[in-house]
Amino acid sequence: MSFRVRSQRAPARAVALGAAVVAAGTLAAIVGCTDSGSPAGPSTPGASIHEYPPVPFGSPPGASALARSAAAALGRGVNLGNMLEAPTEGAWGVTVTPDIIDQVAAAGFQSVRLPVRWSNHAEANAPFTIDPAFLARVDTVVDALLGRGLTVVLNMHHYRQLDGDALDYGEVAVPTGVVDVRFVRLWEQVATHFRAHGTGLLFELYNEPHGRLDSTAWNVLAARALGAVRRTNPTRVVVIGPTSWNWAGALSALKLPNDAHLVATIHNYAPFAFTHQGAEWVSPRLPTGVTCCDPAQVAEMTGPLKVARPWADAVGYPIFVGEFGAYSTAPTASRVAFNRHMRDSMEVLGMPWHYWEFAAGFGVYDPVARTFRAELLASLLGPPAP
Ligand code: BGC
């Protein structure tokens, strides 16, 4: 159910911004190449997907102590969303400022998930070099977060063509034939850059794979990207989630690579009619005025968690919830109730979590008043309900 509804949403933000949407793949139709090569030719490093064989997958050995302690360190966290995963930082109204980093740490969050749209800051063709200024910018943010004692999950977010989605306003299509190898090559560069960072930094391969990334495609591509990461980061803890927007129902089709330094993740926006009411990027727009949380809604929100827990136990890896939250168009008291139920349910099941998100449409923080929304913050970090 969750998958069906999530998959109906329109390409995020292009709709919200009323912007022109550039059809992904237009250029590819002209270039007409495949993922076995690129217009740059096979002699260009990173031009062919065959340079990146997948780590064997399907018989994962179970998590290392390192992966388990990294997952435990995530604790209670928050996404710095709509910042570095906008087409360019600031395009969606919020940026990562030192003040925000201070506030996250001072509030008592233990970790941050940092969504980053690497795909809009790299060359279209091999060797797909990431803009050094953007890499330096992300590096500055990562270091500032780690410097405040926060564990950081650095991800790749909204590489629209990877899912076969239309582009957002402000993006330029790359040849479809290089989309997958470019993904792996982006990871190779990110991993190389951050290779010397400590264990407080985790990499998450991709946010909410869906669309053209069905389970068969994603299992192989994730294993290729992991192989690229492992060239320079043999023990970096890497996070992998299932397809269908990181839906718990797709965990059964996720084949983890045979690697011990992994942590699994899911997202949970059930009940979607509550969490996404009035959201501009969901089509058709869901009616507002939906409250939370009656017993049927509680069952809907906890159902995926109860699928994820035994899956993770069986496969032998920790699992956390990388996104949950309710949009600001939902009634505040219900958002508070939703957060409480989710937090309690996740923690009873031993799952660390990241609230979506800090200072935009779901924001626990008001960036104009520069204060936390007290009820929302208490629902996440306050004392347990009496
Ligand atoms: C997307 C956001 C979206 C959120 C809730 C996230 O995974 O990246 O753009 O606002 O889900 O729908």
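Owing to the predicted nature of the structure, the values given are computational and were not obtained by experimental measurement. (Residues numbered from 1 in each chain as written. Predicted model: local features only at pLDDT ≥ 70, side-chain atom pairs only at ≥ 80, totals over all residues. Heavy atoms only, no water.)

**Q** What am I meant to see in the overall build of the protein here?
**A** Summing up its helical and strand segments, the protein has 13 helices and ten strands in all. Looking at the protein residue by residue over its 386 residues, the buried ones come to 59%. Sequence separation of 24 or more characterises 79% of the internal contacts of the protein that already satisfy a separation of 6 or more. For the protein, the exposed surface amounts to about 13700 Å²; the carbon and sulfur share of it is 59%. (Helix = DSSP H or I, 4+ residues; strand = E, 2+ residues; numbered from the N terminus. Buried < 20%, exposed > 50% of the residue type's maximum accessible area, 1.4 Å probe, protein only. Contact = heavy atoms within 4.5 Å. Areas by Shrake-Rupley, 256 points an atom, 1.4 Å probe, with all protein chains shown as cover.)

**Q** Can you walk me through the environment of Arg212 in this structure?
**A** Structurally, the position occupied by Arg212 is in the loop between strand 4 (201-204) and helix 8 (215-230). For Arg212, a relative accessible area of 38% gives the class partly exposed. For the pair Arg212 and Gln161, spaced 51 residues apart in sequence, the C-alpha to C-alpha distance is 8.9 Å. With residues up to four places along the chain from it excluded, the contact list for Arg212 reads Gln161, Leu162, Asp163, Gly164, Val179, Asp180 and Ala217. Looking at Arg212, its side chain comes within polar contact range of the main-chain oxygen of Leu162, at 3.0 Å. A distance of 2.9 Å separates the side chain of Arg212 from the side chain of Asp180, its partner in a polar contact. (Polar contact = N/O pair within 3.5 Å; in protein donor to acceptor, adjacent residues only side chain to side chain.)

**Q** Explain the packing of aromatic side chains to me, please; I cannot follow it from the model alone.
**A** Aromatic rings considered in pairs are described by the distance between their centres and by the relative angle of their planes. Here the structure, examined in full by the defined rule, presents 16 aromatic pairs. The interplanar angle of 80 degrees and the centroid separation of 5.9 Å between the aromatic rings of Phe183 and Tyr206 together place this pair among those described as edge-to-face. Taken together, the residues Phe183 in helix 7 (residues 179-193) and Tyr206 in the loop between strand 4 and helix 8 connect sequence positions 23 residues apart. Taking 4.9 Å as the distance between ring centres and 15 degrees as the angle between the ring planes, the aromatic pair formed by Phe358 and Tyr365 counts as stacked. Judged by relative accessible area, which is 0%, Phe358 ranks as buried. Its relative accessible area of 1% is what places Tyr365 among the buried residues. Here the aromatic residues Phe274, Phe324, Phe338, Trp353 and Tyr355 are joined through ring pairs into a cluster of three or more. Over the ring of Phe203 we find Arg236; its NZ or CZ atom is 5.2 Å from the centre of that ring. (Phe/Tyr/Trp six-rings, centres within 6.5 Å; stacked < 30°, edge-to-face > 60°. Lys NZ or Arg CZ within 6 Å of the ring centre and 35° of its normal.)

**Q** Mind showing me how you'd approach the pairing of strand 3 (residues 151-155) here?
**A** Of all five residues in strand 3, five are buried; the element is thus mostly enclosed. Bridge count for strand 2 (residues 111-114) against strand 3 is four bridges, and the pairing is parallel. Directly across from Leu114, in strand 3, lies its bridge partner Leu154. Tracing the backbone out of strand 2, into helix 5 (residues 132-147) and back to the parallel element strand 3 gives a crossover that is right-handed. Judged from the four bridges that link them, strand 3 and strand 4 form a sheet pairing that is parallel. Within the sheet, the bridge partner assigned to Val153 lies in strand 4 and is Leu202. (Pairing = 2+ DSSP bridges. Right-handed = clockwise from strand over helix to strand, strands pointing away.)

**Q** Teacher, can you tell me more about the packing of helix 11 (residues 295-315) against helix 12 (residues 332-348) here?
**A** For any two helices packed against each other, one specifies the inter-axial angle together with the distance between the axes. Taken N-terminus to C-terminus, the directions of helix 11 and helix 12 make an angle of 30 degrees; their axes are 10 Å apart at the nearest point. In this view, helix 11 runs roughly parallel relative to helix 12, as classed from their interaxial angle. Note on packing geometry: the crossing formed by helix 11 with helix 12 is right-handed. Between helix 11 and helix 12, the residues in contact are Val298, Met301, Thr302 and Leu305 and Phe338, His341, Met342, Ser345 and Met346, respectively. Here the residues of the contact of helix 11 with helix 12 sort into six nonpolar, three polar and no charged. (Axes fitted to C-alpha atoms, helices over the stretch in contact; angles between N-to-C directions. Parallel < 35°, antiparallel > 145°, perpendicular 65-115°, else oblique. Left-handed = near helix turned anticlockwise from the far one by under 90°. Nonpolar A, V, L, I, M, F, W, Y, C, P; charged D, E, K, R; others polar.)

**Q** How should the state of the cysteines be read in this particular structure?
**A** Such a bond, covalent and formed between the sulfur atoms of two cysteines, is termed a disulfide. Counted according to the given criterion, the structure contains one disulfide. Note on cysteine connectivity: Cys292 is disulfide-linked to Cys293, with sulfurs 2.2 Å apart. In this structure, the disulfide formed by Cys292 and Cys293 twists by about 100 degrees around the S-S bond and is classed as right-handed. Exposure class is identical for Cys292 and Cys293. Each is buried. (Disulfide = S-S within 2.5 Å.)

**Q** What exactly am I supposed to notice about the side chain of His267 here?
**A** With respect to the helices and strands, the residue His267 is situated in strand 6 (residues 262-267). Of note is the side chain of His267, whose polar atom sits 2.8 Å from the side chain of Glu208. Once you skip the residues sitting within four places of it in the chain, His267 turns out to touch Arg113, Asn207, Glu208, Trp245, Asn246, Gly322 and Glu323.

**Q** Whenever I open this one, the environment of Gln277 confuses me. Can you help?
**A** If you trace the backbone, Gln277 turns up in the loop between helix 10 (272-275) and helix 11. For the pair formed by Gln277 and Pro331, sequence separation is 54 residues and the distance between their alpha carbons is 9.9 Å. Among residues more than four places away in sequence, those in contact with Gln277 are Phe272, Leu286, Pro287, Thr288, Gly289, Val290, Tyr327, Thr329, Ala330 and Pro331. Looking at Gln277, its side chain comes within polar contact range of the main-chain oxygen of Val290, at 2.9 Å.

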